[in-house]
Amino acid sequence: MSDRETWATRPGFIIAAIGSAVGLGNLWQFPFKTATNGGAAFVAFYLIAVAVIGFPAMLAEFVLGRRTNVNAVDAFERLGHGPWRAVGGLAVVTGFWILSYYNVVGGWVLRYILGSVRGAYFADPAGYFGAVSAGPEAVLAQALFLALVVGIVSLGIEDGIEAATKLMVPSILLLMVALAVWVTTLPGAGAGYEFFLSPDLSTMTANAGSIIPFAVGQAFFTLSLGMAIMVTYSSYVGDDDNLIVDGGAIVVTNTLVGVLAGLVVFPILLTIGADITTQTGGAGALFVATAAGFGSVPFGRLFGVVFFGVVLIAALSSAISLLEVTVAYANDNYDVPRTVLAPAVGAGLFVLGLPSAWDTAWLTWFDSVAYQLFLPLSVLATTIFVGWVLGTDAVDELRAGTDGLGAGGDVWLWTVRVVVVVAVIATLGLGINELFLVEDAAFFAPL
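Given the structure is predicted, the values throughout are model-derived calculations rather than measurements.

Q: What's the story with the packing of aromatic side chains in this structure? I'm lost.
A: In this description, a pair of aromatic rings is defined by centroid distance and the angle of the planes. A complete count under the given rule lists 18 aromatic pairs for this structure. Between Phe-76 and Phe-385 the ring centres are 4.8 Å apart and the planes differ by 75°, which places this aromatic pair in the edge-to-face class. Residue Phe-76 is located in helix H4 (residues 74-78), and its partner Phe-385 is located in helix H17 (residues 360-390); the two are separated by 309 residues in the primary sequence. Residue classification places Phe-76 among the buried residues on the basis of a relative accessible area of 2%. Under the relative-accessibility criterion, Phe-385 is labelled buried at 0%. Sitting over the ring of Trp-414, Arg-417 keeps its end group 4.6 Å from the ring centre.

Right under this line is the structure:
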């Protein structure tokens, strides 16, 4: 077994975890899911899910990782509950599944940076997306993005992941704020803000059954829950770290970037008169619409490069955390260096991602299965274990590094045991219904 690394500093852990959370989930998925699930109604459900379900569940994963100081699979065995290793295995598989198509979208971003420089998509945004999003070009772009991710993870925790995210996360925040200021000058800014920030109660109630699974799934996705990331990252953390403060910083920053993404994207879409309705969708809708927007505003090439550059940085920061999950498991169990493990795992990801790179219908299918089945099932199993099996030991671990937590630990424990578990069961049920039971069920769509 290889020697296990740790974070060089506590801020390094926080920034790396923020980098994991602040990725395509915010800059691609959040606007995309918002546009296709009722606009501000989706945002309202999402914010509730982050506060009520996401934050307590994140602390549960932190507790599991720091208490064991091993990967997400072996953590359960170290605690004396070997049969629960399957839960960690599910989380690792979930992260691997998501990263397989995440790399494809990362490849799209690389092509759009180049397209912004050349102005290649200005004349025909939809045609450009069709040309670069599927087929041989998409496969090649997927491989290039994956090579970047593998290279960073191969360097290790301190020299690779921590060093990279310390540069990436501040860059994302600064550039997103700059873009948000710029879009205030666009003629469609007011309408974009209204769509994004003014929820319609009737829309929320009438479509709650279909919106809630995606809102909760979005909370899990953007907070990197259910993928073994937070278990893995917290396994490198010292006993004196305040997990509540660290988790709060991650949640707040992640939510801020998601909101900034909406404040940037929707004014652009409304400026060009895009049809943003609950029926508008598709994994490439955001790319097509924003590309059309940059082709229609002054200095479009410059802002296109900046926007897609931010998206690339965010995509890389999340992708390296997803790859680290599988590499950490192998690194803890086999005497094989990272420089071999990371490329080997990357090769497997490339193969699994080929259907998504060849046809965007498969990418949408992979995404639906992740959101509606794998993520809620993984979070449910983990929170049941931490809340009902680990129990008071979990509270003791949460208290380590904190001052004056008092009864707050018990409140958190019962929130995990009841509120989070019940909410995730309901979400999983709704997701299974959408995947398997409704007419034109999503699970069978690409077959």
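What follows continues from the structure just given.
Q: Teacher, can you tell me more about the pattern of salt bridges here?
A: When charged atoms on two side chains of opposite charge get close, those side chains can pair. Overall, the coordinates contain 6 salt bridges when judged by the stated rule. When the shortest N-O distance is used, the salt bridge between Asp-74 and Arg-85 registers 2.6 Å. In this pair, Asp-74 is assigned in helix H4 and Arg-85 in helix H5 (residues 85-118), connecting sequence segments 11 residues apart. Exposure remark for Asp-74: the relative accessible area of 12% places this residue in the buried category. Where Arg-111 meets Glu-137, a salt bridge forms, and the shortest distance between an N and an O atom there is 2.5 Å. Residue Arg-111 is found in helix H5, and its partner Glu-137 is found in helix H7 (residues 136-154); the two are separated by 26 residues along the sequence. The buried category is assigned to Arg-111, whose relative accessible area is 19%. With relative accessibility at 40%, the residue Glu-137 sits in the partly exposed group.

Q: Would you mind showing me how to read the nonpolar core here?
A: One recurring pattern in soluble globular proteins is that nonpolar side chains are buried together. One finds Ile-98, Tyr-102, Tyr-112, Met-176, Phe-287, Leu-323 and Trp-412 to be the most contacted residues of the largest nonpolar core, which totals 150 residues. Broken down by element, this core gets its largest block of residues, 16 residues, from helix H15 (residues 300-333). Those residues within four positions of Leu-323 in sequence are excluded, and the remaining contacts are Leu-99, Val-149, Val-150, Val-153, Val-345 and Leu-349.

Q: Please explain the packing of H5 against H7 as it appears in this structure.
A: Working note: a packed helix pair is described by the angle between its axes plus the distance between those axes. Two elements in contact, H5 and H7, have axes whose closest approach is 7 Å; the angle formed by their N-to-C orientations is 100°. What the angle tells us is that H5 and H7 run roughly perpendicular. Of the residues in H7, those touching H5 at Ser-100, Tyr-102, Asn-103, Val-104, Gly-106, Gly-107, Leu-110 and Arg-111 are Glu-137, Ala-141, Gln-142, Leu-144, Phe-145 and Leu-146. Here the contact of H5 with H7 is built from residues that sort into 7 nonpolar, 5 polar and 2 charged.

Reading the values: the criteria
Residues numbered from 1 in each chain as written. Predicted model: local features only at pLDDT ≥ 70, side-chain atom pairs only at ≥ 80, totals over all residues. Heavy atoms only, no water. Phe/Tyr/Trp six-rings, centres within 6.5 Å; stacked < 30°, edge-to-face > 60°. Helix = DSSP H or I, 4+ residues; strand = E, 2+ residues; numbered from the N terminus. Buried < 20%, exposed > 50% of the residue type's maximum accessible area, 1.4 Å probe, protein only. Lys NZ or Arg CZ within 6 Å of the ring centre and 35° of its normal. Salt bridge = Lys/Arg side-chain N within 4 Å of Asp/Glu carboxyl O. Core = buried A, V, L, I, M, F, W, Y, C linked by side-chain atoms within 4.5 Å. Contact = heavy atoms within 4.5 Å. Axes fitted to C-alpha atoms, helices over the stretch in contact; angles between N-to-C directions. Parallel < 35°, antiparallel > 145°, perpendicular 65-115°, else oblique. Nonpolar A, V, L, I, M, F, W, Y, C, P; charged D, E, K, R; others polar.

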